Amino acid sequence: MRGGVVEWMKPGTTGLQDANFAALQAFVNNRDVACTWCGYNLRGLKSGSCPECGRRIILQLFVDPPKPSAMIAGLIALSAGLGINGLGLLAAANYRPPSPDPVMDSEFNWLMLGGLFFLLATISWICCWRALLRKPWLSWLLALVAWMATVGEVSTLLDAGR
Ligand SMILES: [Zn+2]
């Protein structure tokens, strides 16, 4: 079904092509449908190809995909968290005192841990994109968690900077 081509309409055996043509003919029989290649009106089509440009006509089924709003919101939150964490790491690395400082070292370790979290979360978010698109409630919930993590990251860094 990938790409929207109905399985039984995929070109293959003659039987399948006949089935495709029968469905195609039934569809264009009483409709003004333009050839998507040359614009010729295919009403009353007599063969599986466009009479004008000769291109083979394939009947396809498309699903209106869900809006990726939650996925984009989550991706913005995670990449912002990743970027802000990276800046915090850079700042912490640059302003490290020459003598060992247990407080500073602990903050640096937390920043490393946060960076790892945001990196893995961003990669997982992109890898699970299609699966999460099918679960709008879960993707909005996870996007909210991502925003909370990013806001938490910013407030922690602002506190550390004081
Ligand atoms: Zn055509």
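All figures in this text were calculated on a predicted structure; none of them were measured in a lab.

How each quantity is defined
Residues numbered from 1 in each chain as written. Predicted model: local features only at pLDDT ≥ 70, side-chain atom pairs only at ≥ 80, totals over all residues. Helix = DSSP H or I, 4+ residues; strand = E, 2+ residues; numbered from the N terminus. Buried ≥ 20, exposed ≤ 12 C-beta atoms within 10 Å, placed from the backbone. Contact = placed C-beta atoms within 7 Å. Core = buried A, V, L, I, M, F, W, Y, C linked by C-beta atoms within 7 Å.

## Here we look at the environment of Ala34
So, step 1. Secondary-structure assignment places Ala34 in the loop between helix H1 (14-28) and helix H2 (69-94).
So, step 2. Take Ala34: there are 12 C-beta atoms within 10 Å of it, and that puts it in the exposed class.
So, step 3. The spatial distance from the C-alpha of Ala34 to the C-alpha of Cys50 is 9.7 Å, given a sequence separation of 16 residues.
So, step 4. Aside from chain neighbours lying at most four places away, what touches Ala34 is Gly39, Tyr40 and Asn41.

## Brief notes about the environment of Leu82
So, step 1. By secondary structure assignment, the location of Leu82 is in helix H2.
So, step 2. For Leu82, a count of 20 C-beta atoms within 10 Å gives the class buried.
So, step 3. Taking the C-alpha atoms as reference points, Leu82 and Thr150, 68 residues apart in sequence, are found 8.3 Å from one another.
So, step 4. Excluding residues within four positions of it along the chain, Leu82 makes contact with Phe118, Leu119 and Thr122.

## Some points on the nonpolar core
So, step 1. Grouped together as the largest cluster of nonpolar side chains are 12 residues: Ala70, Met71, Ala77, Leu78, Leu82, Phe118, Ala121, Trp125, Leu132, Leu142, Ala143 and Ala146.
So, step 2. Mapped onto this core, the elements with two or more residues apiece are H2, helix H3 (102-127) and helix H5 (136-161).
So, step 3. Considering every element that reaches this core, the biggest residue donor is H2, with 5 residues.
So, step 4. Not counting chain neighbours up to four residues away, the residues in contact with Ala70 comprise Pro136, Ser139, Trp140 and Ala143.

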